[in-house]
Amino acid sequence: MLRVVVMVSGGGTNLQAIIDGVADGTISNTQLVGVISNNPGVYALERAKLANIPSTVVSPKEYESRAAFNDALLATVSSYKPDLIVLAGFLVVIPEKMIDAYENRIINIHPSLIPAFCGTGYYGLKVHEAALERGVKVTGATVHYVDKGTDTGPIIMQKAVYVEEGDTPKTLQQRVMEQAEWKLLPAAINKIANQ
Ligand code: GAR
């Protein structure tokens, strides 16, 4: 059984897709051992609670320095003894120490077809705003391994989604989630769990 920790910052719809995937067998050989959020009070934590998954909040506001926060984050992750760490809308830069400790065992979902619209400053709705501004006709989502760059690690899976006439950043974000992210992330975890 692959022990998986999911890291979140917000609503947690990708976390929900993983929870549902484990429950319905789309993701096999996998146990969700913990959820970690940098934000208290986000709905992702409620989703973890409803699914009986232990969760921990590690907020930068509780620490006097970034280094202290980073140490606490790594200690919390390690306390769950994960085989795989899944960044599901986790909008914090992963400390280098964590990348060294979990080399090739951290994956991230990004809401574009990398290398388009990725890197520093491209997260959440901003990615879709940039895609619409550029006028692309196809976008999508990418699951990749996390290395020391921002969105630069090896790509595991991608799925394309069409932009439609009249799309707003919100409608595009919703379509990318429905057609790509919520399928891709469970599929990538299942692949890793069964390889
Ligand atoms: C998702 O669209 C995810 O791809 C994105 O944040 C959203 C989180 O939604 N992640 C990034 O932009 C990472 N650079 P969720 O909390 O509902 O899963």
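Our structure is the block above this text.
Residues numbered from 1 in each chain as written. Predicted model: local features only at pLDDT ≥ 70, side-chain atom pairs only at ≥ 80, totals over all residues. Heavy atoms only, no water.

Draft legend 1. Geometry of the pattern of salt bridges. This structure, assessed with the given rule, holds four salt bridges. Between Lys 97 and Asp 71 there is a salt bridge, with its nearest N and O atoms 3.0 Å apart. Of this pair, Lys 97 sits in helix 4 (residues 96-101) while Asp 71 is found in helix 3 (residues 66-79), placing the two residues 26 residues apart along the sequence. Note on Lys 97: relative accessible area 53%, which makes it exposed. Residue classification places Asp 71 among the partly exposed positions, given a relative accessible area of 39%. Shared partners join several salt bridges into a network, and the residues in it are Glu 164, Asp 167 and Arg 175. (Salt bridge = Lys/Arg side-chain N within 4 Å of Asp/Glu carboxyl O. Helix = DSSP H or I, 4+ residues; strand = E, 2+ residues; numbered from the N terminus. Buried < 20%, exposed > 50% of the residue type's maximum accessible area, 1.4 Å probe, protein only.)

Draft legend 2. Representation of the pairing of strand 1 (residues 2-8) within the structure. The buried fraction of strand 1 is high, at six of seven residues. Handedness of the β-α-β unit built from strand 1, helix 1 (residues 13-24) and strand 2 (residues 30-37) comes out right-handed. Across four bridges, strand 1 lies against strand 4 (residues 84-87) in parallel orientation. Looking at strand 4, one finds that Val 5 is bridged to Ile 85. (Right-handed = clockwise from strand over helix to strand, strands pointing away. Pairing = 2+ DSSP bridges.)

Draft legend 3. Spotlight on the environment of Ile 156. Mapped onto the secondary structure, Ile 156 falls in strand 7 (residues 155-162). Taking the C-alpha atoms as reference points, Ile 156 and Tyr 145, eleven residues apart in sequence, are found 7.0 Å from one another. Residues in contact with Ile 156, not counting those within four places in the same chain, are Ile 107, Val 143, His 144, Tyr 145, Ala 188, Lys 191 and Ile 192. (Contact = heavy atoms within 4.5 Å.)

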